[in-house]
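So the chains spell out like this:
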Amino acid sequence: MALNLIMLGPPGAGKGTQEERFAKAKGIPKISTGDILREAVHAGTELGKRAGAIMERGELVSDDIMIGIVRERLDRADARAGFILDGFPRTVPQAKALDGIMTGRDPLIVVNIDVAHDELVRRLTTRLICQECGSNAAVEDAAAGLGSRCKKCGGAMVPRADDNAAVVIERLKTYVRDTKPLVDFYGARPTYRSVNGAQAPNTVTADLEAAVAALSKATASGAPA
Ligand code: AMP
């Protein structure tokens, strides 16, 4: 059975790090809509020009654009054997569209990483990403400061353009208004679990692995998790 996984959680919950670990361990692609948009901004494409200004304000790119991007990406051969979606769905209309895209595929498994608001602000205003490859080192190596180099490619570690305090507050507001309702949307399904994201990253990984294993098993046997 293909592992079709969504990780929900506010910005700063550690989704990116956890998803990268999962994608590596399971050999399936991590599909990050934020990364796709940042690449488009970097490349200066039409999409990048439209999305860049919206992202800098901490707002959301339109559902139509995002659903189109994800539909096309999930249609590619590598995603047929499973995938981890990062940053999508971000709204209830996106989640409904994803249910449609999933018709005829193995069920979605949804895990939520839960972290309190104050901790998120602290994490988001101190995290760094690589200017070259976009890798996020803050969780792996909290001591690495500005001016340090990326472990993957040697690029300079810099704050993300949308991680200054004002934008962080705006992104968290956007999350509470548009994305948190997904916890209710998926929460009632037998394919949903929430884990405590305020723990050490390795403990969160272990909890997520246990949740995904239990949900996969239950999904495969048709029994509730
Ligand atoms: P992320 O890296 O997931 O935090 O995404 C960075 C920014 O890209 C967000 O603050 C949004 O502006 C935009 N974005 C990413 N994914 C989506 C989505 N599914 N729907 C709307 N906007 C998105």
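What comes next concerns the included structure. Small disclaimer: the values here were computed from a predicted structure and weren't measured.

## Points about the overall build of the protein chain
- The helix and strand inventory of the protein chain stands at 10 helices and seven strands.
- For a compact globule of 225 residues, the expected C-alpha radius of gyration is about 17 Å, and the protein chain comes in at 17 Å, within 12% of that figure.
- When the 225 residues of the protein chain are sorted by exposure, 45% land in the buried category.
- Across the protein chain, every contact between residues at least 6 apart in sequence was considered, and the portion connecting residues at least 24 apart equals 70%.
- Of the accessible surface of the protein chain, which amounts to about 11100 Å², a share of 53% is contributed by carbon and sulfur atoms.

## Brief notes about the environment of threonine 174
- In this structure, threonine 174 sits in helix α8 (residues 165-179).
- Between the C-alpha atoms of threonine 174 and asparagine 196, which are 22 residues apart in sequence, the distance is 21 Å.
- Beyond its immediate stretch of four places on either side in the chain, threonine 174 contacts Gly58, Glu59, Leu60 and Thr179.

## Considering the pairing of strand β1 (residues 3-8)
- With respect to burial, β1 is a largely interior element, six of its six residues being buried.
- Side chains of β1 alternate between two faces, with Leu3, Leu5 and Met7 and Asn4, Ile6 and Leu8 buried alike.
- Pairing geometry for β1 and strand β3 (residues 82-86), over five bridges, is parallel. Opposite asparagine 4, over in β3, you have phenylalanine 83 as the bridge partner.

## Section: the site of the ligand
- Neighbouring the ligand are 16 residues; Thr33, Arg38, Glu59, Gly87 and Arg90 lie closest to it.
- In the model, a nitrogen atom of the ligand is placed 2.9 Å from a nitrogen or oxygen of the glutamine 94 side chain.
- Calculation on the ligand without its partners gives an accessible area of 490 Å², and the protein chains cover 95% of this total.
- The element that contributes the greatest number of residues to the shell around the ligand is helix α2 (residues 33-43), accounting for four residues.
- Class assignment for the residues of the shell around the ligand results in six nonpolar, four polar and six charged.

## Side note on the sheet that holds strand β7 (residues 192-196)
- As summarised here, the arrangement of the five strands in space is β2-β3-β1-β4-β7, forming an open sheet in which the pairing is parallel. Across the chains shown, the open sheet's two edge strands, defined by having one partner strand only, are β2 (30-32) and β7. Within this sheet the neighbouring strands show an average axis-to-axis angle of 25°, counted without direction.
- Here strand β4 (residues 108-114) pairs with β7 via five bridges, running parallel. If you follow valine 110 over to β7, its bridge partner there is tyrosine 192.

## Examining the packing of α2 against helix α4 (residues 63-74)
- At a minimum axis separation of 11 Å, α2 and α4 run at an interaxial angle of 105°. Relative to α4, α2 is oriented roughly perpendicular. Of α4, the residues touching α2 (which contributes Thr33, Ile36 and Leu37) are Met66, Ile69 and Val70.
- Class assignment of the residues belonging to the contact of α2 with α4 gives a composition of five nonpolar, one polar and no charged.

## So, the pairing of β4
- Across the seven residues that make up β4, a large majority, six, are buried.
- As paired elements, β1 and β4 share five bridges and run parallel to each other. Bridge assignment links leucine 8 to a residue of β4, and that residue is asparagine 112.

## Here we look at the pattern of salt bridges
- In the structure shown here, the tally under the stated rule is 13 salt bridges.
- Arginine 76 serves as the salt-bridge partner of glutamate 72, at 3.3 Å between the closest nitrogen and oxygen.
- When salt bridges that share partners are traced, they join Glu20, Lys30, Asp86 and Lys152 into one network.

## Observations regarding the nonpolar core
- Counting residues in each nonpolar core, the largest one holds 26 residues, and the members touching the most others are Leu74, Phe83, Leu98 and Tyr186.
- Listed by contribution, the elements that provide at least two residues to this core are β1, α3 (46-56), α4, β3, α6 (92-101), β4 and α9 (181-187).
- With five residues, α4 is the single largest residue contributor to this core.
- Aside from chain neighbours lying at most four places away, what touches leucine 74 is Ile31, Ala79, Arg80, Phe83, Leu98, Ile101 and Arg105.
- Leu3, Phe22, Ile28 and Leu208 belong to the second largest nonpolar core, which has 22 residues in total.

Thresholds applied
- Residues numbered from 1 in each chain as written.
- Predicted model: local features only at pLDDT ≥ 70, side-chain atom pairs only at ≥ 80, totals over all residues.
- Heavy atoms only, no water.
- Helix = DSSP H or I, 4+ residues; strand = E, 2+ residues; numbered from the N terminus.
- Rg over C-alpha atoms; globule rule 2.2 N^0.38 Å.
- Buried < 20%, exposed > 50% of the residue type's maximum accessible area, 1.4 Å probe, protein only.
- Contact = heavy atoms within 4.5 Å.
- Areas by Shrake-Rupley, 256 points an atom, 1.4 Å probe, with all protein chains shown as cover.
- Pairing = 2+ DSSP bridges.
- Near = heavy atom within 4 Å.
- Polar contact = N/O pair within 3.5 Å; in protein donor to acceptor, adjacent residues only side chain to side chain.
- Nonpolar A, V, L, I, M, F, W, Y, C, P; charged D, E, K, R; others polar.
- Axes fitted to C-alpha atoms, helices over the stretch in contact; angles between N-to-C directions.
- Parallel < 35°, antiparallel > 145°, perpendicular 65-115°, else oblique.
- Salt bridge = Lys/Arg side-chain N within 4 Å of Asp/Glu carboxyl O.
- Core = buried A, V, L, I, M, F, W, Y, C linked by side-chain atoms within 4.5 Å.

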